[in-house]
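Structural description and commentary
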Amino acid sequence: TNVYSLPSSFGLTGDPRFEGAPDEASEAGPDGESPASPPARAVGVMGSAELRAFFSRGHFQSGRYHGSRYKTQQALELGKREIITDFQLLLSSLMDQRQAKRDRVQSEILKMQDFSAELAGRLRLTSEHLDRQIALLQDQFKLTEEGQGWVLAALNRYQLGFDRGVTDALDFDLLVA
């Protein structure tokens, strides 16, 4: 089994604002594993700060809150739809950033063609790399619409939290009644 941990420099450890606050890692599932186990050192597109921030959001806690408060299938679906929409907006932003960078690289290639064939070749490699990243993000955008792909991790954490919230609320209601 793989164990991932965030570096201590991530900023939450030792921060008095977060002392005593529950986190996803403290909510062990039935198999003892945390519902959120993000990789500590993702590479490529997955290593972007924006994606790391998205996956480190409290999807489990949000689902737990919504589950305990609303307890309806409609609330569950709306919560999942919100996650999907947020993720698609993020993917669109990442694609736009990479497309703008690719356009700048293409412009530099045109400038460098006659000046340095070696530099132009390196820039072409960079452009191809950006093309692959854009294609990957486009694929994820399409998969996200179906609740598949990278977003599935966040959706699953939300679902687990929602289920836990409903169970906790029902248990509380039974104890009080």
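Rules used in this analysis
- Residues numbered from 1 in each chain as written.
- Predicted model: local features only at pLDDT ≥ 70, side-chain atom pairs only at ≥ 80, totals over all residues.
- Heavy atoms only, no water.
- Core = buried A, V, L, I, M, F, W, Y, C linked by side-chain atoms within 4.5 Å.
- Buried < 20%, exposed > 50% of the residue type's maximum accessible area, 1.4 Å probe, protein only.
- Helix = DSSP H or I, 4+ residues; strand = E, 2+ residues; numbered from the N terminus.
- Contact = heavy atoms within 4.5 Å.
- Phe/Tyr/Trp six-rings, centres within 6.5 Å; stacked < 30°, edge-to-face > 60°.
- Patch = residues over 30% accessible without salt bridge, like charges linked within 9 Å, V, L, I, M, F, W, Y side chains within 5 Å.
- Areas by Shrake-Rupley, 256 points an atom, 1.4 Å probe, with all protein chains shown as cover.
- Salt bridge = Lys/Arg side-chain N within 4 Å of Asp/Glu carboxyl O.
- Axes fitted to C-alpha atoms, helices over the stretch in contact; angles between N-to-C directions.
- Parallel < 35°, antiparallel > 145°, perpendicular 65-115°, else oblique.
- Left-handed = near helix turned anticlockwise from the far one by under 90°.
- pLDDT = per-residue confidence, 0-100.
- Arc of directions from axis to C-beta.

**A look at the nonpolar core**
- Formed by 21 residues in total, the largest nonpolar core has its most connected members in L51, F54, F55, I83, F87, L137 and W150.
- Those elements that place two or more of their residues in this core are helix 1 (49-56), helix 3 (73-112) and helix 5 (152-176).
- Sorting elements by how many residues they give to this core places helix 3 first, with 9 residues.
- Contacts of L137, omitting those with residues within four sequence positions, involve V45, L91, L94, M95, R98 and W150.

**Looking at the side chain of T144**
- You can see T144 is positioned in helix 4 (residues 117-145).
- On the accessibility criterion, T144 (0% relative accessible area) is buried.
- Apart from residues lying up to four places away in sequence, T144 is in contact with I84, F87, Q88, L91 and V151.

**Some thoughts on the packing of aromatic side chains**
- Enumeration over the complete set of coordinates arrives at 4 aromatic pairs.
- Feature note: the residues F54, F55 and F87 constitute an aromatic cluster, connected by ring pairs.

**Looking at a nonpolar patch on the surface**
- A cluster of nonpolar residues, F172, L175 and V176, forms a patch on the protein surface that exposes about 370 Å² of accessible area.
- Note that L175 resides in helix 5.
- A relative accessible area of 73% places L175 in the exposed class.

**A word on the environment of L152**
- Looking at the secondary structure, you find L152 in helix 5.
- Through-space distance from the C-alpha of L152 to that of I84 is 9.1 Å; in sequence the pair is 68 residues apart.

**Digging into the environment of M112**
- Tracing the chain through its elements places M112 in helix 3.
- For M112, the residues in contact, after removing those within four places along its chain, are A117, L119, A120 and L123.

**Overview of the packing of helix 3 against helix 4**
- Where helix 3 contacts helix 4, the axes come no closer than 9 Å and their chain directions differ by 165 degrees. Judged on the interaxial angle alone, helix 4 and helix 3 are roughly antiparallel. As helix 3 runs across helix 4, the sense of the crossing is left-handed.

**Regarding the confidence of the model for the chain**
- Model confidence for the chain is summarised by a mean pLDDT of 83, while 76% of its residues fall at 70 or above.
- Scored below 50 in pLDDT, residues 1-39 makes 38 contacts in the model with residues more than four places away or belonging to other chains.

**Section: the pattern of salt bridges**
- Evaluated as defined, the whole model comprises 6 salt bridges.
- For D86, the salt bridge goes to R57, with nearest N and O atoms at 3.4 Å. Of this pair, D86 sits in helix 3 while R57 is found in the loop between helix 1 and helix 2 (59-69), placing the two residues 29 residues apart along the sequence.
- The class of D86 is partly exposed, set by a relative accessible area of 27%.
- Judged by its relative accessible area of 39%, R57 falls in the partly exposed class.
- R81 is paired through a salt bridge with E145; the nearest N and O atoms lie 3.5 Å apart.

**Looking at helix 1**
- Burial in helix 1 covers these residues: L51, F54 and F55. Down the axis of helix 1, the smallest arc covering the buried residues is 90 degrees, so these residues share one side.
- Where helix 1 is buried, its residues contact helix 2, helix 3 and helix 5.

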